[in-house]
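As a plain string of letters, each chain reads:
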Amino acid sequence: MEQLLQALADSGYDPSSVKDDLSYNSMTVNFALFVSRIASEIGTLLETEERVNPPDNEDDAGLLSWKMELSSFLKELQCTLTFLYEGILETRLNTSCHRLALVDFLLSELLSARMEKLDQTPTLQAG
């Protein structure tokens, strides 16, 4: 987990804001907000159709709606970790192991999207 937290910091995200959410066994709104920020950057860079908006409200219904958006987003990214978007919606992402896997996947996608965007950016040539 320490490597993942360091990678988040290296990517410009504050790992202390999500460290507790990755360690405990319940899904929190704070975690959903954190994931929404990363997913938003990925969506912008890759110009995805699906977006992950922050939860509308802090109750279970808001988190369920958010999990459905996240599922669609992960499918569009062709995530191979099907346990992140299949199965019982109420219990999805309720284990720290699953949340760690989600953040790891999103971080990989983010770094890849950033590199792809850099490759598409024209460079100025001296001369």
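Right above here is the structure, for reference.
No experiment lies behind these values; they were computed from the predicted model shown.

## Structural notes on unusual backbone geometry
Leaving glycine out, the prevailing phi sign among residues is negative, and the prevailing peptide bond configuration is trans.
Working step 1: The backbone of Glu47 shows a phi angle near 55 degrees, a positive value even though the residue is not glycine.
Working step 2: Within the secondary structure layout, Glu47 lies in the loop between helix 3 (29-46) and helix 4 (60-76).
Working step 3: Classification of Glu47 as exposed rests on a relative accessible area of 61%.
Working step 4: For Gln78, which is not glycine, the phi torsion reads 60 degrees and is therefore positive.

## Digging into the packing of aromatic side chains
Working step 1: Tallied over the full model, the rule gives 1 aromatic pair.
Working step 2: Plain terms: the ring middles of Tyr13 and Phe34 are 6.0 Å apart, the flat faces sit at 75 degrees to each other, and that makes the pair edge-to-face. Note that Tyr13 is positioned in the loop between helix 1 (2-10) and helix 2 (19-23) and Phe34 in helix 3, a separation of 21 residues in sequence. You'll find Tyr13 and Phe34 in the same group, each marked buried.

## Observations concerning the nonpolar core
One broad rule of soluble globular proteins: the nonpolar side chains tend to lie buried together.
Working step 1: Among the nonpolar cores identified, the biggest contains 32 residues, and Leu8, Leu74, Leu102 and Leu106 are the most heavily contacted of them.
Working step 2: Breaking this core down by element, the ones donating at least two residues are helix 1, helix 3, helix 4 and helix 5 (96-120).
Working step 3: Take this core: its biggest share by element is 8 residues, from helix 3.
Working step 4: For Leu102, the contacting residues outside a window of four places in its chain are Phe31, Val35, Leu70, Leu74, Leu84 and Leu93.

## Here's the deal with the environment of Phe31
Working step 1: Its place among the elements puts Phe31 in helix 3.
Working step 2: Phe31 sits 27 residues away from Glu58 along the chain, and the two C-alpha atoms are 11 Å apart.
Working step 3: The residues touching Phe31, leaving out its near neighbours within four places in the chain, are Val18, Asp21, Leu22, Arg99, Leu102 and Val103.

## Overview of the environment of Leu70
Working step 1: Within the secondary structure, Leu70 is located in helix 4.
Working step 2: Of the residues examined, Leu70 reaches a relative accessible area of 1% and is grouped as buried.
Working step 3: A C-alpha to C-alpha distance of 11 Å links Leu70 and Pro55, two positions 15 residues apart in sequence.
Working step 4: With near-sequence residues (within four places) excluded, Leu70 lies in contact with Val35, Val52, Leu93 and Leu102.

Parameters at a glance
Residue numbers restart at each chain and count upward from 1, following the sequence in its written direction. Under the rules for a predicted model, residues below a pLDDT of 70 receive no local features and side-chain atom pairs below 80 are neither given nor counted, while totals for whole chains, interfaces and linings still include all residues. Computation of side-chain values covers all heavy atoms of the structure but excludes hydrogens and water. Numbering of helices and strands starts at the N terminus; helices are DSSP runs of H or I of at least 4 residues and strands are runs of E of at least 2. Here's how the labels work: a residue is buried when its accessible area is under 20% of the maximum for its type, exposed when over 50%, partly exposed in between, all with a 1.4 Å probe on protein chains only. Any two rings among Phe, Tyr and Trp, with Trp reduced to its six-membered ring, count as a pair given centres within 6.5 Å; such a pair is stacked if its planes are under 30 degrees apart, edge-to-face if over 60, and tilted if neither. The set of buried Ala, Val, Leu, Ile, Met, Phe, Trp, Tyr and Cys residues whose side-chain atoms join them within 4.5 Å is what this entry labels a nonpolar core. Should any heavy atoms of two residues lie within 4.5 Å, those residues are counted as being in contact.

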